[in-house]
Amino acid sequence: MSEIDKRNRLSEEPFDYQITKKGTILIYYNGEQIKIVKDKEAERLIARIKEDEDNVSAIQLLLAKITGNFKRGNEKIGKNKRK
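What counts and how
Just so you know, the residues in each chain are numbered from 1, in the order the chain's sequence is written. Note on the predicted model: pLDDT of at least 70 is required for a residue's local features to be given, and 80 or more for side-chain atom pairs to be given and counted; whole-chain, interface and lining totals, by contrast, use all residues. The basis for every side-chain value is the complete set of heavy atoms in the structure, and neither hydrogens nor water enter the calculation. Secondary structure elements are defined from DSSP: runs of H or I of at least 4 residues count as helices, runs of E of at least 2 residues count as strands, and each element is numbered from the N terminus. Relative accessibility decides the category of a residue: with a 1.4 Å probe and only protein chains considered, values under 20% of the type maximum give buried, values over 50% give exposed, and everything between is partly exposed. Residue contacts are counted whenever heavy atoms from the two residues lie within 4.5 Å of one another. Being paired, for any two strands, means DSSP has found at least two bridges between them. Axis lines are fitted to C-alpha atoms, over the contacting stretch for helices. Their N-to-C directions set the angle, which ranges from 0 to 180 degrees. Definitions used for this entry: grid spacing 1 Å over protein atoms alone; cavity, a set of points where a 1.4 Å probe fits but cannot get out; pocket, an open set with protein on both sides within 12 Å along at least 5 of 7 lines; lining residue, one with an atom within 4 Å of a point. Grid points are joined across faces, edges and corners, and a volume is the space filled by probe spheres set on the points.

A closer look at the overall build of the protein chain
In terms of regular secondary structure, the protein chain is built from three helices and three strands. Shown N-terminal to C-terminal, the secondary structure of the protein chain runs as helices and strands in the order β-β-β-α-α-α. The buried share of the protein chain, reckoned over its 83 residues, is 27%. Partitioning the contacts of the protein chain with sequence separation of at least 6, the portion at a separation of at least 24 is 38%.

Below, the structure written as structure tokens:
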């Protein structure tokens, strides 16, 4: 894990998730919803989360990978629009 998370940001547990009754997964970053995962991709993600239920750092890494590279330049514009 040290090679992947060199700055140790995933130890702060910035990601959270919620599984809905329909099987959709809502992924949150620092309390804000950033992604919705549906259908087959959601089924695969739920299975992988259940495999690693006890390993919080593995789940954080999994959520980070599924959200992709979402913080690249547009987050400041979004913050200013909400104010």
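A word on the sheet that holds strand 3 (residues 32–37)
Strand order in the open sheet formed by three strands is 1-2-3, with antiparallel pairing between adjacent strands. Looking at strand neighbours, the two that pair on one side only are strand 1 (15–19) and strand 3, the edges of this open sheet. Strand-to-strand twist across the sheet, computed as the mean angle between neighbouring axes with direction ignored, equals 25 degrees. Sheet analysis places strand 1 next to strand 2 (residues 25–29), joined by five bridges and oriented antiparallel. Each residue of the ladder has a partner; that of Phe-15, found in strand 2, is Tyr-29. Here helix 2 (residues 56–67) sits on the sheet and contacts strand 1, strand 2 and strand 3; the angle it forms with strand 1, its principal contact strand, is near 85 degrees.

A word on the layout of surface pockets
Empty space among the atoms becomes visible once a probe the size of a water molecule is rolled across them. Each pocket or cavity is described by its volume, and for the largest pocket that value is around 640 Å³. Examining the composition of the lining of the largest pocket, we find that three residues originate from one element, helix 2, more than from any other.

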